[in-house]
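# Structural features, examined
Below are the chains, spelled out letter by letter.
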Amino acid sequence: MKTLITLLALLLVFIPPGLAHNVAHGSAATSLAPRVAALLQAQRLEGAVWSTLDTHGAAGISDARSRAPMRVDHRVQVGSIAKTLLAAGILRLVTEGRLALDMPVTALLPEMAFDNPWQASDPVRLRHLLDHTSGLDDVHFWQVFTMKARDDAPLAAAFPAGSGLLRVRHRPGTRHSYSNMGYTLLGMVIEAVVKQRYERYLDGALLAPLGMHDSTFAFVTQSADPRLAMGHFEHGARHGAMPSYMRPAGQFTTTAADMGRFARFLMGDGSIGGRGFIDPALLRRMGEPAGTEAARAGLQVGYGLGLRTFDRHGLVARCHGGSTVGFKAVLCLFPAAQKGFFIAFNTDNEAADYQRFDALLAQVLVPAMATPAPRVAPPFDPRPWEGWYVPAPNRFDSLRFIDTVFGFVRVRGGGAALHLEPLQGPALVLVHAGKGLFRAPGKVLPSHALLLSAEGQRILTTGTQSHARVSLAYLASLWCSVAAGLLGLAWIAAKGLARLALRRLPPRDPLAIPLAGVLALLLPLPLFYRQSLLQLGDLTVASALLAIVTAALPVAMLGGLALALRRGSGRRIDALAMVAILQLAIVLAAWDLLPLRLWA
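Residues numbered from 1 in each chain as written. Predicted model: local features only at pLDDT ≥ 70, side-chain atom pairs only at ≥ 80, totals over all residues. Heavy atoms only, no water.

Here we come to helix H15 (residues 472-501). Relative to the 44 Å expected for 30 residues at 1.5 Å per residue, H15 spans 43 Å between its end C-alpha atoms, a close match to the ideal helical length. Within H15, burial applies to Leu475, Leu478, Ser481, Val482, Gly485, Gly488, Leu489, Ile492, Ala493, Gly496 and Arg499. In this structure, the buried side of H15 is in contact with strand E14 (387-391), helix H14 (400-406), strand E21 (466-470), helix H16 (512-520), helix H18 (541-566) and helix H19 (572-590). Trailing H15 by a residue or two, Arg503 shows a phi angle of about 60 degrees, which is positive. (Helix = DSSP H or I, 4+ residues; strand = E, 2+ residues; numbered from the N terminus. Expected span 1.5 Å × (residues − 1). Buried < 20%, exposed > 50% of the residue type's maximum accessible area, 1.4 Å probe, protein only. Contact = heavy atoms within 4.5 Å.)

Next up, the structure:
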């Protein structure tokens, strides 16, 4: 901590040439430049551009190879902030009467067959896609981690026939679950209505009227546009822009000045040059969750029409973050104060604390709100709500087994407080805020709610993530299955390698085939290491080999078990290890994780 403070102090006094390049339209930008530059170095990020609506700035470098300084007019890519702009395009069509928020999606996209058990009473509607309450999965590996996507491919390529991607996991409109597939469908809705590519339509019908002439929904590369900053990962690793199957959900190129114009419009009356453009009532509802279980329970935080209401740093704001290949960005609005900021980084570094930039910009713009003083809330009996809760639904359906086993939260009562104890992350002590609402430390608004679903299930929700209570016996059975399987793998590997080293493992030994099956799991690792992370969802030699060796694992255990049983009970512990691995393989197969096919 002392080292960080010293570094920040030095950088505030002396910024080397090229580190901070800022075009200021006011004193705020001038004072922000060295502070942002200091944070960039402390967090090991290459560069950033930002807007505080009336001021713009830049710091750091635009390219780790050339070391060229980042300029205010550099263009950046913003990932999922594209959703906010796409939502504005939908709201423009709603204002014109060409769409309605309650319109069923199948009325516009009849070729998209949803697997929706609630179709008769609750079809997936446009507002559900906008609010991430459709019940759809987020994405599969092949839709994001791929080098096969083309920038000119039809959007329907993200939903091949027979893929089962449109399975609805909960009653539409009731729970939030972030879905890039949902916003990709919204791009298809726009194309179905306007009869042209959504990029061309939104560039002309949305961005041009807003004066965002340096922005586009079209795919842009650094080689085609010298003003587009280079994307980076950790340690200055450069990476150029990549096309995506999910481009309506995350493809947008812009500048800080253009995002300032967009933010001012969102906080305005919906008019451009005195003429109505988007219904102001719709603009006011952006960021307001509506219709969900959490909203009906009284939570004000959540997602609505392309923005999310955040309660962070002692402030309540309407924001959207985003990341794409080599970039991260965030847009935050404070409508009551008519303030806001946008900041984009040309580095996606998992070790960096990007919230420090958010806190800096927010504190410069808006004084922190006082945390409500504790008050005596009506009596609340937590005992019926105590127990174990798992994500319902989790964000990525293909990882639901992992999220169930390792993403649980234990809920305990404690006087007037509620104790949340997740396996991953720090424990929280929530203060009762009336009815089923609770407030986390440092929050201005209630942050959690306890409620009963329409099916009578006990739910813990934050507005954007719901957990359902399950029995400890259910969770314990999964934990035991995983523990037994891992112990079995460790036993086979340790004993088999030891005997192999001593040359006491002949080919017909019952342990030989299982050991080969376990060691085969390591074969894909060097192949994955040599290929790009962006090929993780493609069918490659590495991913094909991974599917083969994971499919072969239970076969190897069966072969070894058959030999062990023939030779009698002399090595029962070996047989038990094989049975333990077999049972885990069966469980993983039941959860669609075996064989492991990353491209599926």
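From this point on, the discussion continues.
Let us look at a nonpolar patch on the surface. On the surface, a cluster of nonpolar side chains totalling about 430 Å² of accessible area is made up of Leu497, Leu500, Leu519, Leu522 and Leu525. Within the secondary structure, Leu525 is located in helix H17 (residues 524-530). (Patch = residues over 30% accessible without salt bridge, like charges linked within 9 Å, V, L, I, M, F, W, Y side chains within 5 Å. Areas by Shrake-Rupley, 256 points an atom, 1.4 Å probe, with all protein chains shown as cover. Salt bridge = Lys/Arg side-chain N within 4 Å of Asp/Glu carboxyl O.)

For the pair H16 and H18, interaxial distance at closest approach is 7 Å and the crossing angle is 165 degrees. One element, H16, and the other, H18, form an angle in the roughly antiparallel class. When you trace H16 past H18, the crossing you get is left-handed. From H16, Ile513, Pro514, Gly517, Val518 and Ala520 reach across to H18, where they touch Val549, Leu553, Ala556, Met557, Gly560 and Leu563. Looking at the contact of H16 with H18 residue by residue, the classes come out as 9 nonpolar, 2 polar and no charged. (Axes fitted to C-alpha atoms, helices over the stretch in contact; angles between N-to-C directions. Parallel < 35°, antiparallel > 145°, perpendicular 65-115°, else oblique. Left-handed = near helix turned anticlockwise from the far one by under 90°. Nonpolar A, V, L, I, M, F, W, Y, C, P; charged D, E, K, R; others polar.)

Attention now goes to the pairing of strand E15 (residues 409-414). With 3 bridges joining them, E14 and E15 adopt antiparallel strand pairing. Pairing of Tyr389 across the sheet is with Val409, part of E15. Relative to strand E16 (residues 417-422), E15 runs antiparallel, the two sharing 6 bridges. Across the sheet, Arg410 pairs through a bridge with Glu421, a residue of E16. Count of turn residues in the E15/E16 antiparallel hairpin: 2 residues, of which Gly415 carries a positive phi of about 65 degrees. (Pairing = 2+ DSSP bridges.)

Within the largest apolar cluster, 83 residues are counted, with the highest numbers of intra-cluster contacts made by Leu185 and Phe342. When near neighbours in sequence (up to four residues on either side) are disregarded, Leu185 contacts Leu109, Met112, Phe114, Leu129, Leu136, Phe159 and Leu166. (Core = buried A, V, L, I, M, F, W, Y, C linked by side-chain atoms within 4.5 Å.)

Time to look at the sheet that holds E21. With antiparallel pairing, the 8 strands of this closed barrel are ordered in space as E14-E15-E16-E17-E18-E19-E20-E21. Taking the axes of each pair of neighbouring strands and ignoring which way they run, one obtains an average angle of 30 degrees across the sheet. Strands in contact with H15 are E14 and E21; relative to E14, the strand with the most contacts, it is inclined by about 60 degrees.

For the rest of this paragraph, the subject is the packing of aromatic side chains. Applying the stated criterion across every chain yields a total of 13 aromatic pairs. Pairing Phe408 with Trp479 gives two aromatic rings, centres 5.1 Å apart and planes at 50 degrees, and the pair type is tilted. You can see Phe408 sitting in the loop between H14 and E15 and its partner Trp479 sitting in helix H15, a full 71 residues away along the chain. Feature note: the residues Tyr198, Phe217 and Phe252 constitute an aromatic cluster, connected by ring pairs. The ring centre of Trp385 lies 4.5 Å from the NZ or CZ of Arg458, which sits over that ring. (Phe/Tyr/Trp six-rings, centres within 6.5 Å; stacked < 30°, edge-to-face > 60°. Lys NZ or Arg CZ within 6 Å of the ring centre and 35° of its normal.)

Moving on, we get to the state of the cysteines. Counting across every chain of the model gives 1 disulfide. With a sulfur-sulfur separation of 2.0 Å, Cys319 is cross-linked through a disulfide to Cys332. Across the S-S bond of Cys319 and Cys332 the torsion is about 110 degrees, and the bridge reads as right-handed. Of this pair, Cys319 sits in strand E11 (residues 315-324) while Cys332 sits in strand E12 (residues 327-334), placing them 13 residues apart in sequence. Each member of the pair, Cys319 as well as Cys332, is classed as buried. (Disulfide = S-S within 2.5 Å.)

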